[in-house]
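# Chains, contacts and geometry: an overview
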Amino acid sequence: MPGNSDVGVFGLGPMGENFALNLLSRGFSVSIYNRTPERTRTFLERVGGAAGLTGTYSLRDFVASLSRPRRIFLFVKAGQPVDEVIAQLGPHLEPGDVLLDCGNSHFRDSDRRYEELLRKGIDFVGMGVSGGYEGALKGPSMMAGGSIRGYGSVEGVLREAAAKHRGDPCVSYFGPGGSGHLVKTVHNGIEYAMMAAIAEVYGVLRNGLGMGPDEASSVFEGWSSGELSSFLVEATYRVLRYREEGSGEPLIERVLDVAEQKGTGIWTAQLSLDLGVPAPSIAEAVHGRFVSAMRDFRQRASTYACAASLPRAEGEVVETCRWSLYLTFVASYLQGSLLLEAASKSLGYGFDVAEAFRVWRAGCIIRSRIVERAYAALSAFQGEGRTLQLMEEFQRDIREHVSEWGGFVALAARLGVPAPVTSSALNWYLAITSRRLTANLVQALRDYFGRHGFQRIDMHGTFSSGWGRE
Ligand code: 6PG
């Protein structure tokens, strides 16, 4: 084995395969390995004798085929399999080698793996890769964390392979441990909220205006070049208008209304609860997936469904939907931004939120005009309070269209179309921008029944009252 491949790719699922092809297309030599040799063979057959590609069938040959320090991209299922693969590779590696975990790993696992491998001299990089299998091939957005030395050793490769936003590679190093995976997790939380918000609008168009998939597709297509310009809105109109070969029917009508999940949305919601930083639209999007999974129950409970008829003209409803969706998108990014600010500080990662928006401008699932605008706004300022800077940037839009936002929620409720993500986004915004909430009453009630105490606006200290009970 010559030992001169630039990098190794371990794991030949759709992401690993396409990432290997991406690297080859940029002129890097790549060794590949897969747990089941059949998959390696099939891949090699498919791509023919691609220059620079070396197929290997044992871990020893795989590692031996790499130039030093070895740089290995792992594309294996998140969780236990990553630990197993690290344990298998361990004996073949030497200090200075770099392992990059490119799956959707929990950032806490990446914190741990980084520490464990640091003790062995192995440079571990936990890296979120966004853009799906197409992104892996053409250029993904990549969010790295962990060993800075490891990142430095592979940075040139990553910058070549990454999506480019006007020439700027969408890859960054966010700090130690699991910081890269943390940023990817919040990215996915935003992705959940955006998709759920789109689906809610689709519900109003379908159930309220009686639109079929083609008509709804045209509405989303019309929106995809304005403020709502984004990968997901474009994906929506393509999905809606797609007709199945054979039947010629819109495939969307045949898809079961059960949305699955692999965990990153839940982790974002948990992070939000752990940090005490509200991200309700993301949490609602996760709840929405749970609700979708309760299919049998829903079938039975639908006996009790209620709905009203539509009171407004179609054009007005469509415009209400458009602005509402736009503001829900904005709120979802703001919630993610606030979470990242808090997590970066309290988990000690120390990154600037602006960097996340920079790498989200191209390649990833949540890329959009809003992200471009957000990054432009953030790069014009420095310092603390990044989310507040974003609020400043979008406040005019919000002020002008908050009535459409509320109008959508009211309309959906009248139609009997559930819209928890949109309504939580609106309510989150109303609450987070409230100078004076009614939490004084909640605190007073806590004191009333539990003597938990309260603070006053006119005096320092903690007080308690009998509230006229004794
Ligand atoms: C991306 C996606 C990608 C994948 C999610 C889906 O950025 O390319 O987020 O990572 O689509 O893992 O997650 P769920 O299975 O939880 O919806």
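As the structure is a computational prediction, the values presented were derived from the model and not from experiment.

## Some remarks on the overall build of the protein
Each helix and strand counted, the protein has 19 helices and 10 strands in total. Along the longest, intermediate and shortest principal axes, the C-alpha atoms of the protein span 80 × 65 × 45 Å. Taking all 470 residues of the protein together, 50% fall into the buried category. Carbon and sulfur atoms provide 53% of the accessible area of the protein, an area that totals close to 21,800 Å². Both charge centroids of the protein, one from 49 positive and one from 51 negative side chains, sit 2 Å from each other.

## Describing the environment of Leu347
Tracing the chain through its elements places Leu347 in the loop between α14 (314–346) and α15 (353–359). Judged by relative accessible area, which is 21%, Leu347 ranks as partly exposed. Sequence separation between Leu347 and Glu221 is 126 residues, and the spatial gap between their C-alpha atoms is 41 Å. When residues no more than four places from it in sequence are discounted, the contact partners of Leu347 are Phe107, Arg108, Leu182 and Leu271.

## Some remarks on unusual backbone geometry
Put simply, Arg68 and Pro69 share a cis peptide bond, and its omega is -10 degrees. Topologically, Pro69 is positioned in the loop between α3 (59–64) and β4 (71–74). Of note, Trp467 is a non-glycine position whose phi angle comes to about 50 degrees, a positive value. Positionally, Trp467 belongs in the segment after α19 (439–450).

## What to know about the nonpolar core
Grouped together as the largest cluster of nonpolar side chains are 84 residues, with contacts concentrated most on Leu205, Phe220, Phe329, Phe357 and Trp360. The dominant element in this core, judged by the number of residues it contributes, is α14, at 15 residues. Phe329 has contacts with Met194, Ala197, Ile198, Leu228, Ser230, Val233 and Ile370, leaving out every residue within four places of it along the chain.

## A look at the layout of surface pockets
Its volume calculated, the second largest pocket comes out at about 460 Å³. Along the walls of the second largest pocket sit 18 residues, with Glu134, Phe231, Glu234, Ala235 and Arg367 positioned nearest its centre. In terms of residues, the lining of the second largest pocket owes the most to one element, helix α10 (residues 231–241), which gives five residues. Here the residues of the lining of the second largest pocket sort into five nonpolar, six polar and seven charged.

## Observations regarding the environment of Cys170
Considering the arrangement of structural elements, one finds Cys170 in the loop between β9 (168–169) and β10 (171–173). Note: C-alpha distance between Cys170 and Glu160 (10 residues apart in sequence) is 9.9 Å. In contact with Cys170, other than residues within four places in its own chain, are Pro140, Ser141, Met142, Ala162, Ala163, His165, Arg358, Val359, Arg361 and Ala362.

## Quick notes on helix α9 (residues 213–223)
Buried residues of α9: Pro213, Ala216, Ser217, Val219, Phe220 and Trp223, and no others. Seen from one end, α9 has its buried residues packed into an arc of 160 degrees, which puts them on one side. Next to the buried residues of α9 lie α8 (179–208), α10 and α14.

## Here's the deal with the sheet that holds strand β6 (residues 123–130)
What the eight strands build is an open sheet, ordered β3-β2-β1-β4-β5-β6-β7-β10; its pairing is mixed. A single partner strand is all that each edge strand has here, and the edge strands are β3 (53–55) and β10. Averaged over all pairs of adjacent strands, the angle between their axes in this sheet comes to 20 degrees, without regard to strand direction. Docked against the sheet, α8 engages β5 (98–101), β6 and β7 (141–146), running at close to 140 degrees with respect to β7.

## Quick look at the pattern of salt bridges
A full pass over the atoms with the stated rule returns 28 salt bridges. Between Arg149 and Asp123 there is a salt bridge; the shortest N-O distance is 2.8 Å. On the criterion of sequence distance, the pair formed by Arg149 in helix α7 (residues 148–161) and Asp123 in strand β6 is long-range, its members being 26 residues apart. According to the relative accessible area criterion, Asp123 is buried, its value standing at 4%. Asp168 is the salt-bridge partner of Arg358, the closest N and O atoms lying 3.0 Å from each other. Placement of the pair is Arg358 in helix α15 and Asp168 in strand β9, with a sequence separation of 190 residues. Arg358 sits in the buried class, given a relative accessible area of 9%. Residue classification places Asp168 among the partly exposed residues on the basis of a relative accessible area of 25%. One salt-bridge network, in which partners are shared between bridges, spans Asp83, Asp101, Asp109, Arg112, Arg113 and Glu116.

## Thoughts on the packing of α14 against helix α16 (residues 369–379)
Two elements in contact, α14 and α16, have axes whose closest approach is 11 Å; the angle formed by their N-to-C orientations is 50 degrees. Compared by their axis directions, α14 and α16 come out oblique. Two packed elements cross with a definite hand, and for α14 against α16 that hand is right-handed. Two secondary-structure elements touch here, α14 through Tyr326, Phe329, Val330 and Tyr333 and α16 through Ile370, Val371 and Arg373.

Cut-offs used in this document
In this convention, every chain numbers its residues from 1, walking through the sequence in written order. Note on the predicted model: pLDDT of at least 70 is required for a residue's local features to be given, and 80 or more for side-chain atom pairs to be given and counted; whole-chain, interface and lining totals, by contrast, use all residues. Working from all heavy atoms in the structure, the side-chain values ignore hydrogens and water. Numbering of helices and strands runs from the N terminus, with a helix taken as a DSSP run of H or I at least four residues long and a strand as a DSSP run of E at least two residues long. Exposure is judged per residue with a 1.4 Å probe applied to protein chains only, and the accessible area is read against the type maximum: over 50% gives exposed, under 20% gives buried, and values in between give partly exposed. Method for areas: the Shrake-Rupley scheme with a 1.4 Å probe, in which residue coverage is limited to the protein chains shown. When charges are counted, neither His nor the chain ends are considered; positive counts come from Lys and Arg and negative counts from Asp and Glu. Charge placement uses NZ in Lys and CZ in Arg. For Asp and Glu, CG and CD serve respectively. In what follows, residue pairs with any heavy atoms lying within 4.5 Å of each other are defined as contacts. Residue types Ala, Val, Leu, Ile, Met, Phe, Trp, Tyr and Cys, when buried and joined through side-chain atoms within 4.5 Å, form a set referred to as a nonpolar core. A cavity, in this analysis, means grid points on a 1 Å lattice covering only the protein atoms where a 1.4 Å probe fits yet has no way out; a pocket is instead an open set bounded by protein on both sides within 12 Å along at least five of seven lines, and a residue lines either one if it has an atom within 4 Å of a point. Grid points are joined across faces, edges and corners, and a volume is the space filled by probe spheres set on the points. Charged residues are taken to be Asp, Glu, Lys and Arg, nonpolar residues to be Ala, Val, Leu, Ile, Met, Phe, Trp, Tyr, Cys and Pro, and polar residues to be all remaining types, Gly included. Regarding the arc, it is the one traced by the directions from the helix axis to the C-beta atoms. Strands are labelled as partners when DSSP assigns at least two bridges between them. Fitted lines through C-alpha atoms serve as axes, helices being fitted only where they are in contact, and the angles separating the N-to-C directions of these axes extend from 0 to 180 degrees. A carboxyl oxygen of Asp or Glu within 4 Å of a side-chain nitrogen of Lys or Arg is what we treat as a salt bridge. The cut-offs work like this: below 35 degrees is roughly parallel, past 145 is roughly antiparallel, 65 to 115 is roughly perpendicular, and the gaps in between are oblique. Throughout, a crossing is termed right-handed when the near helix is turned clockwise from the far one, and left-handed when it is turned anticlockwise from it by less than a right angle.

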